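A structural walkthrough
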Amino acid sequence: MVDIEKLMQENDNFVFDLYGTLIDIHTDEWADETWEKFCAFLDEEGITHPEIPAFRKDFFDLDKKYREDSKEYEYPEIDILEVYKELFIKYGNSVPENLFDISYKFREASREYMRLFPGVENFFNTLKRNGKKIFILSNAQASYTLPEIEYFKLDKMVDDFIISSDYGCMKPDIHFYD
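Here, residues in each chain are numbered from 1, in the same order as that chain's written sequence. Whole-chain, interface and lining totals are the exception, using all residues; otherwise, since this is a predicted model, local features are given only for residues with pLDDT of at least 70 and side-chain atom pairs are given and counted only at 80 or more. Processing note: side-chain calculations cover all non-hydrogen atoms of the structure and skip hydrogens and water entirely.

Points about the overall build of the protein
Strands are runs of DSSP state E lasting at least 2 residues, helices are runs of H or I lasting at least 4, and numbering of each runs from the N terminus. Secondary structure assignment for the protein yields nine helices and five strands. Reading the helices (α) and strands (β) of the protein from amino to carboxyl end gives α-β-β-α-α-α-α-β-α-β-α-α-β-α. Dimensions along the principal axes, computed over C-alpha positions, put the protein at roughly 60 × 35 × 30 Å. When accessible area is computed with a 1.4 Å probe and restricted to protein chains, residues below 20% of their type maximum are described as buried, those above 50% as exposed, and intermediate ones as partly exposed. By the burial criterion, 42% of the 178 residues in the protein qualify as buried. Restricting to contacts in the protein with at least 6 residues of sequence separation, those with at least 24 account for 74%. Just so you have it, the protein exposes about 10300 Å², and 48% of that area is on carbon and sulfur atoms. A gap of 3 Å separates the mean positions of the 21 positive and 39 negative side-chain charges of the protein. Any two residues whose heavy atoms approach within 4.5 Å are treated as being in contact. For accessible areas, the Shrake-Rupley method is used with a probe of radius 1.4 Å. Any residue's cover is judged against the shown protein chains and nothing else. Just so you know, the count uses Lys and Arg for positive and Asp and Glu for negative, and it drops His and the chain ends. Note that the charge is assigned to NZ on lysines, CZ on arginines, CG on aspartates and CD on glutamates.

As structure tokens, then:
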């Protein structure tokens, strides 16, 4: 059992991962249902795309290419918005102004459930009452993660959060911690 009182005596700053630590979530980005929902949304928005098998393949192939091409860090991270941009242009669309929101629609389509783990809010309140600082470091896409942080009001509970897609690298890369 973790001795919280001792931890608070010894530390001023507390760093948490987001998914699997604060937020319990399950997504399936490969599922047919995910792509059906996302494509239906794109159709409503007038954004052209190929049939689901080709679209899904293009998406994951381009994601992989961006990751392989990124050589600046030992553990590189991409910004998924670049993948969406390139694909929309490839399919004859202009880049939508609401690309961030469109990206989140994919996240919503892929999500089976999402909930804050029990006790997170109370624990954070305890830390804050004791003058502690709280930080979130997450290997994630900002366009997927920021709306979820806001949904659970974690942005109001923590001092700062760092999302890997904003920095081009991810944990355990030392540059991400820097």
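Notes on the layout of surface pockets
Put plainly, a pocket is an open set of points on a 1 Å grid over the protein atoms alone with protein on both sides within 12 Å along at least five of seven lines, a cavity is a set where a 1.4 Å probe fits but cannot get out, and a lining residue has an atom within 4 Å of a point. Grid points are joined across faces, edges and corners, and a volume is the space filled by probe spheres set on the points. The computed volume of the largest pocket comes to approximately 170 Å³. Taken together, 14 residues line the largest pocket, and the ones lying closest to its centre are Glu-29, Asp-63, Arg-67, Gln-141 and Tyr-144. Mapped onto the lining of the largest pocket, the elements with two or more residues apiece are α3 (52-69) and α7 (142-151). Ranked by residues supplied to the lining of the largest pocket, first place goes to α3 with four residues. The nonpolar class holds Ala, Val, Leu, Ile, Met, Phe, Trp, Tyr, Cys and Pro. Asp, Glu, Lys and Arg form the charged class, and all remaining residues, Gly among them, are polar. In terms of residue class, the lining of the largest pocket is built from six nonpolar, three polar and five charged.

Considerations on the sheet that holds strand β1 (residues 13-16)
Strand pairing follows a simple DSSP-based rule, namely that at least 2 bridges must link the two strands. One open sheet holds the three strands; their spatial order is β1-β4-β5, and the pairing between them is parallel. Among the strands making up the open sheet, the edge pair consists of β1 and β5 (160-163). Going from strand to strand, the sheet's axes swing by 20° on average, the running direction of each strand aside. Here β1 runs beside strand β4 (residues 133-138); their pairing, made up of four bridges, is parallel. Paired with Phe-16 across the two strands is Ile-136, which belongs to β4. Think of each axis as a best-fit line through the C-alpha atoms, taken over the contacting stretch in the case of a helix, with angles from 0 to 180 degrees between the N-to-C directions.

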